[in-house]
Each structure stands twice: as structure tokens, then as C-alpha cells.
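Overview (structure and organization)
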Amino acid sequence: MTQQLQRILPTVQKPARYVGGEYNEIQKDPATVRVNVAFCFPDTYEIGMSNLGMRILYGVMNQMDGIWCQRVFAPWGDMEQAMVENGLPLWALESQRPVKEFDLIAFTIGYEMSYTNVLNMLRLAGIPLRSAQREGLHNLVFAGGVCAFNPEPLAEFVDFFSLGEGEESTVEILSLYDKAKCQGWSKEHFLREVAKIGGVYVPSFYRHEYHKDGSLSAIVPLEDGVPTKITKRIVQDLDKAYYPVKTIVPSTEIVHDRSNLEVFRGCIRGCRFCQAGFSCRPVRKKSPQVLYQQAAELLENAGDNELNLSSLSTSDYRGLQELMELLFPYCAEHKISLSVPSLRADNFSRALMQKLQTLRKSGLTFAPEAGTQRLRDVINKNLTEEEILTTCANAFSGGWNNVKLYFMLGLPSETDEDVLGIAQLVYRVIQTWKATASNKKRGLRVHVATAFFVPKPHTPFQWEAQITPEEYMRRVRLLKEHFYSKSVEYSYHAPDLSQLEAVLARGDRRLGPVLEEAVRRGARLDGWDEYFDYNLWMEAFAACGVDPHFYTTRGFGEEELLPWDPIDVGVTKDFLRRERHRAYDGQITQDCRHGCSGCGANTMLKGVGCDA
Amino acid sequence: MPRVLFSKTGNGVWISHLDLMRLFQRAFQRAGLPLKHSQGFRPRPVVSIALPLSVGVQSVCELLDFELDGPPVAMEEIQARLNQALVAGVTVQKVYEAGRKLKELALLGCTVALEYDAGVPAGCREAVEALFHQARLLVEKKGKNGPQEQDILPMLHSLDVVQTDGCTLALKAVVSAQNPALNPMLLAAAVERYLPQLRPDFAHCRREELFDAQGQQFR
Ligand code: SF4
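Residues numbered from 1 in each chain as written. Chains lettered and ligands numbered in written order. Predicted model: local features only at pLDDT ≥ 70, side-chain atom pairs only at ≥ 80, totals over all residues. Heavy atoms only, no water.

A word on the packing of aromatic side chains
On inspection of all chains with the given rule, the structure shows 21 aromatic pairs over all chains. Each ring, one from Phe453 of chain A and one from Phe461 of chain A, has its centre 5.9 Å from the other, and the planes form 90 degrees; the classification is edge-to-face. Across the pair, Phe461 of chain A and Phe453 of chain A agree in class, each one buried. Both rings, one in Tyr490 of chain A and one in Tyr492 of chain A, keep their centres 5.8 Å apart while their planes meet at 45 degrees; by these two values the pair is tilted. Judged by relative accessible area, Tyr490 of chain A falls into the buried class, the value being 17%. For Tyr492 of chain A, a relative accessible area of 34% puts it in the partly exposed group. Here Arg30 of chain B stacks its cationic end above the ring of Tyr23 of chain A, 3.7 Å away from the centre of that ring. (Phe/Tyr/Trp six-rings, centres within 6.5 Å; stacked < 30°, edge-to-face > 60°. Buried < 20%, exposed > 50% of the residue type's maximum accessible area, 1.4 Å probe, protein only. Lys NZ or Arg CZ within 6 Å of the ring centre and 35° of its normal.)

What follows is the structure, encoded as C-alpha cells:
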């Protein structure tokens, strides 16, 4: 008789994402495994399998003797319903065993709107949500990823967080667990020991206290000797670090369906709104020779015909020219197409774009983020109108007729003049096309998209207020009224989602009950339009007596104790404050190549300089 | 053009037609067997699969045509290397030169299994057999312009109904493979529609063999 899951699979969309068995998947003999890790990605298979961090840590854990790390993803709504109806608990792909049977449950979290997926996945696995309800070493829950840099909204659910790059710390954590399980430690004993590993934060060792006005008054350690500051971990030498050159090749199409090679970490730019830009510092690169070697291994092991060079800003990779000289002949011989995202509009990149023919493929893309030079200076986005128009002119005269422009609305100090500046910039792009296009018959398409600014922890804008969704929509309408050309296609992010993202990004422990309540009311897959339900969230806030505006429109005082203050990502609070004031003065800060601006992240490096 | 005879079983059945093409393109590459590429701006390795298989359907008789770019490789060698580079559930049974023209492929032998968890009901076999012996049998078929009623009997060339175990009734059918093709799962749909009291708890399907118009095995 056909088993239950095999009967469900024909009834759901994209069943291949639930069965595992892909090429390069890791299978182990259960008899040799001492510690089973269920590595959960709080979103769908297609998103999770496109995540580099997950692939790295999957490889790191499975390289260890006696450890078997298996993957778990959030089911789509149709599968979730079938699971509930059939009493089928959430399972891991490799062994198809229920997650509840695993020793450790790990999450990597990169997006605030997936917090409900974390809780919902625990629920679907039949594991109690709150750490206090889980006794003993079994089903210990830990989490990492960028969102762990403000872990407080999840503090009641996650037993401990692993901050920063996990290549080394994950090995230390699992080795300790291996020992603890073997020696039969209590959960408390293990947590006390794991807190001694650098970069590990155990939220239950601290109590948060609040002032009458609701702001945080104190973070009180509850045990002797627990650290008051937890510093994220980094890999010192990326050339020597593990890189997944033999990695799973999904049997079904995923979001980034190609081989991916990370060329460097950190960002030299310092855009003041960007959390990744600051929290991934210091700047460390891989050598072109190592990258070339890894590229060949990656492609041969996967059989891919496309290679993506990834980082926060690949044009800033110091060895780009040298790497290209190595890669071009290889790619030509093996018919591999190279893609280099996030290229800047400088000369070298322009030449490279032409060579890669990325223009033809994806069109021109710019992210000026703000419409006027004044506001671009405020946010330290080093991209001038001239650069944009020159690049456009070159491309238009070469026959291209498609431009995408990305902006944010609601940035600090933004006025209606800045909003209208977007329309003006777009107008100039259209004028440039009229003046330079070699082929006007096909017409021009300008896609303009605006996102709603979300202030993030560990950025110079971490104290800023977010404007209300109503005010954002007013600016959207204002902008829309000023697009006169038929060539313009304007789309904007829904404000509701970005408002919630802002609440969760700078949230504290009082959001735990709200998350729990939202999940109880059915929230999950919030990043997906099909499932996001704003009213449900507002009901959850009301039911818990929490005011979302406290975390958004209020803004945080510069002297206020911030929930994420104990978390040290390398960049100092003094530097962030300095940058905030420079923003107000409209002063730009040069990028690291033109001189170190003293963010503090270099102090994490041993023996090498930052961005060397 | 050389041809691959392969099977799709186990969890391989959940791989869609398009994903299967991608899987093979990568498998050839991993096996060190570079494929000829299409012409055009973005050349793609060319493989073509004879009859797209629906997700969830097993098969032991799938055909894929390909052309290698580079020095010739022995057929047995290609088979061995591909099987190393494929995933569980997709297995190459044979690689051979110059198969027959695909347009001569006319019929498909398949088994539709109807599972009854509480045992096959008494009289079920007879009732199902009688159902397919009528003058016509209208079944709803999903089309581009919404569902359409379609008489499936002209495309059903033969049918044997056998009880294979206490809980399974197997419809062993030979159906039209192309122009037009009959999706064998419509046989199960007919049972569900006209014999609701004999609705199975689960139905699944397996392609068994390919034939030409004369009923000879097609390769
Ligand atoms: S320490 Fe200096 S060079 Fe390094 S990231 Fe910070 S500002 Fe840039």
C-alpha cells in the first residue's frame, strides 16, 4: 500500500521540494551518528536552497564525524494543510525522519518576516515553542543569521544564538553538544558552557527591565560570569575557510539556480541604511587563485552552465580583473555563462558588463535609492546623476531600451522635493534616451520601484523613526502623479509589510508574545503576498497590548539603551552615532578604499589589515 | 542521434518534465559528456524527451535523445557515467544509436493501480470492466479553455482488469501515445465519476512499454 506522504505528494504544488534525494545530498549511516541536527530554513525550499549560508553550514556540520545535519524547509500552505489533516509532523529531507527526533534544531534567519515561520515550523514539528517548556538536551533550538544581530523578539523561543560567521563556531558548538550528550549534562549545564564559546548568546541568562515610558532601562545578567557584550565571530582567512564546492544540486528549479561563488565579505561602501553593509565588516577578500580553483570544482561537481560571483558589491572586489582573466578562458571553453550582480556604474564595470553581455540579459539596473544628490549624500549612496546618465547614454546608443531604477521612500530628512527628484531623474533618463537611442522604434521601458525605508539595528539610522504607512502612501501618490511618460512603469512595496519588518527589526522581548499570538491566529509565510495578513497582525498586537508605533514612528533616543546593545558586530556605536550626525550635516563619508573611516571592525582582525 | 532509455521511479517521479531536462543537462556535464548546444544568443545544451511524463507517474520506458559535442564515447560507457551522475529514481537502462523515428511511436502500455485500503470490494473488477465496455465514456479533461467533456474510449486500445493483491485492482491498458494522447490517469477519473461507490483510496500510474501502430515494441 502506498504510504501516507506518497499519497499527499500528488495533491500539492511542486512535490519535488519535499522528498530530498538530490545530487550531492549527504546520507549517513544512522548507526555512526551521535548527534542529529535538523537545520531549518524558515522559508520555502526554493528560497532556502538559494541561501549560501545554509550551504556552507550544511557542509561544515556534515564534515564532522558523528554529526549528521539534515535540511528542513517551511512547507507551502497546501502541504501544511495536508500535514495537519493527516497528522503528519514536519520532517527532514535526508532521512525523512520527524524533526522532533533530532537532538538539535538549528535555524538560519535572514529576514524578520520569517520569524513566524520559525515558530510555525516548531509547531508543525510538535516541539514546544518556548525554551522554558523544553527540558533536557533533546530538541535544543539555536539560531544564527543576520537577524540574530537583534535576537530579542525570538529570545523566549530560541535557547541560544550563534552570532556572525558560523564556519568555526558551529564546530565548537556541536563538539560541546556531542560531549554533553555523551556525559548526560542538563540543559542548564550545557547552556552555561556553550555561553563561553565566542559569539554565543544565551538570552535566558539576562532579564530586560523597562522604564515607565516603555523604553529599555536595564539588561540584567542573571548568572555570574555571563558576558555583558557578545561579539560576533568572523573567519580571519577566507582562503583557508571551508567553501561548499561539492554542494547539493536541487532536482527542481530554485530561485538562484546556478553555481555561486562568494568573492569577498564585508562592504567598503557604508550606505547608511544598509544593515548588511555594516554588520558584515571587516572587509576580507579571497585570492583570485583560490576562487578560480573553487569555481572549477563547483562547476564540475554541479554540472552547472552558469556561475555567479556573489558579494555585497562585486565591483569592489580587489582581485576582480585578475579573476576575470582566469575565468574568461575557462568559461569560454566550457560554455559557462558568468554573472556578476551588483556591478557599479564605473568604467571598469561598464567594460565588464559589455564583455559579459549582462546588459542584454537583464537590462540596466541602478539603485540610486534617493532622488536628489542632497539625499543621496545623507544616506551616503555614492552614485551621481552623471554616472547614471552616462551609463544610460552608452547603453541606449548600443541599442538597449530597458532601465530599472530602485529607490526608497521615507528616508531620514526626506522632503517632497526629494520625492519629486525621483521623477526628475527618471525624466532625464528618458531625455537621454531620446538624445542617444540608436533604435527608437522599440520604445523605452523605465521600471521604477520604491521600497519603504526600514531602519535597521547596527546602522547609523538605527535610531531613526519610520514614517507612517499613510505618509508613505502619500509620497507614493505624489510621485506617481509626476510620472508623465508612458515609458514609466512604477511599482511600490506595500507599506504594511515594511512597517511590520521595522517593528520586528528593532523589536525587544515584548514582541515574543505577539509573535506567538500571530502564529496562533495563523500567521506564517508572511513574506508571501498569498499569505500575509496585516489585520491578523494588528489583532495580535492588540491582544497582547503592544503598540507597533513604539518601534516605528517613535524613533529611539540616542542615549536610550537599545535591545541589541550587548551585541557587538565590530562596528562601534560611537562610529554609528558619528555617521548619523554626518548624515544630518549632509556630509558623505569616503569608502574604505579612499581611507579607513574608523568604524572599528578592523579590531576583529588578527595579523592582517582591513580591506587589504 | 543517440537515444537513452531510462526509468523514473521512487522519488524520481516528483521531478517535473522541465526539471528533468535540466537534471539531464547537468548530469551529462557532470559525467564529462559535453552536449551539443543550441544556436542563438544564449546557447543551451540540447536534450529532448519523447513523451512528457506527468508528475507523480512512474515509468520504465522513457526516451531521451541527445547529441554529444566532442570525441565519440562507447554507448555502455555513456550509460555507466550517466548513472553515476544522476539521482536515485532516474536510471539509465540503455544507451543506443539511431532509435526509430519518434513519429512512429503510437501506443503506450501502462498500469493504473486502484488501491482499496479495506480490500478490493466484491464485484469491483466486473463493474470496472463493464464500465469500459460501453459505447462511449465521457470524462472531464482539463483544457486550455477550461474543462471539456471527452470520450476516452477511442484512445483506449485494450484493457485488462486484474486484481494483483487483496487491496489493488490493476487496469492494464494500452492507450494512444500521441495525436491525440490519452492520459491514463483519466481511467481512474472515469471510475471515480461513474462508480462513486467504488472510488479507490488512492490511484497511481506507471508507464510500462512503448509500441508502434502495429503493436511492436518501440525503441
Ligand atoms: S575598519 Fe576602516 S577599512 Fe575596515 S571596514 Fe571599517 S572603515 Fe572600512
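Continuing now.
A closer look at the side chain of Thr459 of chain A
Tracing the backbone shows Thr459 of chain A in the loop between strand S17 (445-452) and helix H16 (469-481). At 2.7 Å, the side chain of Thr459 of chain A and the backbone oxygen of Lys456 of chain A are in polar contact. (Helix = DSSP H or I, 4+ residues; strand = E, 2+ residues; numbered from the N terminus. Polar contact = N/O pair within 3.5 Å; in protein donor to acceptor, adjacent residues only side chain to side chain.)

Overview of the nonpolar core
By size, the foremost hydrophobic cluster in this structure holds 118 residues, and its most contacted members are Ile105, Phe107, Phe160, Phe190, Val194 and Trp537 of chain A. Apart from the residues lying within four places of it in its own chain, the contact partners of Phe160 of chain A are Leu140, Val141, Phe142, Ala143, Ile173, Phe190, Leu191, Val194, Val200, Tyr201, Val202 and Pro203 of chain A. Counting 42 residues, the second-largest nonpolar core is a separate cluster that includes Leu131, Leu186, Leu187 and Ala190 of chain B. (Core = buried A, V, L, I, M, F, W, Y, C linked by side-chain atoms within 4.5 Å. Contact = heavy atoms within 4.5 Å.)

Description of the pattern of salt bridges
One side chain can pair with another of opposite charge once the charged atoms of both are near each other. Residue and element names in this part refer to chain A. Applying the stated criterion to the full structure yields 73 salt bridges over all chains. The partner of Glu156 in a salt bridge is Arg130, and the shortest N-O contact between them spans 2.2 Å. Of this pair, Glu156 sits in the loop between strand S4 (140-144) and strand S5 (160-162) while Arg130 sits in the loop between helix H5 (115-125) and S4, and the two are 26 residues apart along the sequence. Assessed through its relative accessible area of 28%, Glu156 is described here as partly exposed. (Salt bridge = Lys/Arg side-chain N within 4 Å of Asp/Glu carboxyl O.)

Comments concerning the environment of Arg269 of chain A
All names here are of chain A. Position of Arg269 relative to the elements: it lies in the loop between strand S11 (264-265) and helix H8 (275-279). Arg269 gets classed as buried once you look at its relative accessible area, which sits at 15%. Spatially, the C-alpha atom of Arg269 lies 21 Å from that of Pro288, the residues being 19 residues apart in sequence. Side-chain polar atoms of Arg269 contact the side chain of Asp316, separated by 2.5 Å.

Description of the sheet that holds strand S18 (residues 488-492) of chain A
Pairing between sheet strands relies on hydrogen bonds along the backbone, with the strands arranged either parallel or antiparallel. Residue and element names in this part refer to chain A. Taken in spatial order, the four strands of this open sheet run S15-S16-S17-S18, and their pairing is parallel. Edge strands, defined here as strands with exactly one partner in the open sheet, are strand S15 (364-369) and S18. The sheet shows a mean angle of 20 degrees between the axes of neighbouring strands, direction not considered. Pairing of S15 with strand S16 (residues 402-409) involves four bridges; the strand directions are parallel. The residue bridging Glu369 from the neighbouring strand is Phe407, located in S16. Where helix H15 (residues 416-436) meets the sheet, its contacts fall on S15, S16, S17 and S18, and the angle it forms with S16 comes to roughly 170 degrees. (Pairing = 2+ DSSP bridges. Axes fitted to C-alpha atoms, helices over the stretch in contact; angles between N-to-C directions.)

Examining the interface of chain B and chain A
In this assembly, 25 residues from chain B lie in contact with 32 residues from chain A. The interface formed by chain B and chain A holds seven salt bridges in total. Counting across the interface, chain B meets chain A through 11 residue pairs in polar contact (both at pLDDT 80 or more). When residues in the side of chain B that touches chain A are grouped by element, the largest group, six residues, is from helix H1 (residues 17-30) of chain B. In the side of chain B that touches chain A, the residues fall into 10 nonpolar, five polar and 10 charged. (Nonpolar A, V, L, I, M, F, W, Y, C, P; charged D, E, K, R; others polar.)

Here we look at the pairing of strand S7 (residues 206-210) of chain A
Alignment of S7 of chain A against strand S8 (residues 216-221) of chain A, held across five bridges, turns out to be antiparallel. Considered in S8 of chain A, the bridge of Arg207 of chain A is made with Val220 of chain A.

Considerations on the sheet that holds strand S14 (residues 337-339) of chain A
Residue and element names in this part refer to chain A. Across the sheet, which stays open at both edges, the three strands sit in the order S10-S13-S14 with parallel pairing between neighbours. The open sheet terminates on both sides in strands that have one partner only, identified here as strand S10 (259-262) and S14. Adjacent strand axes in the sheet meet at a mean angle of 25 degrees, parallel and antiparallel pairs treated alike. Note: S10 against strand S13 (residues 306-310), four bridges, orientation parallel.

Details of the side chain of Ser169 of chain A
Topologically, Ser169 of chain A is positioned in helix H6 (residues 166-183). Setting aside its immediate chain neighbours within four residues, Ser169 of chain A contacts Ser162, Gly198 and Arg233 of chain A.

Quick word on the packing of H15 of chain A against H16 of chain A
Packed helices, taken two at a time, are described by the angle their axes make and the gap between the axes. Residue and element names in this part refer to chain A. Two numbers describe how H15 lies on H16: the axes approach to 9 Å, and their chain directions differ by 40 degrees. Between H15 and H16, the interaxial angle falls into the category oblique. Crossing of H15 against H16: the hand is right-handed. Facing H15, whose interface residues are Asp416, Val419, Leu420, Ile422 and Ala423, H16 presents Arg474, Arg475, Leu478 and Leu479. (Parallel < 35°, antiparallel > 145°, perpendicular 65-115°, else oblique. Left-handed = near helix turned anticlockwise from the far one by under 90°.)

Topic: the pairing of S4 of chain A
Put simply, side chains in a regular strand alternate between the two faces of the sheet. Residue and element names in this part refer to chain A. Where burial is concerned, most of S4 is hidden: five out of the five residues are buried. Alternating positions in S4 separate into two faces, Leu140, Phe142 and Gly144 on one and Val141 and Ala143 on the other, with burial throughout. Considered for its hand, the β-α-β crossover made up of strand S3 (residues 104-108), H5 and S4 is right-handed. Inspection of the sheet shows S4 paired to S5 by two bridges, in the parallel sense. (Right-handed = clockwise from strand over helix to strand, strands pointing away.)

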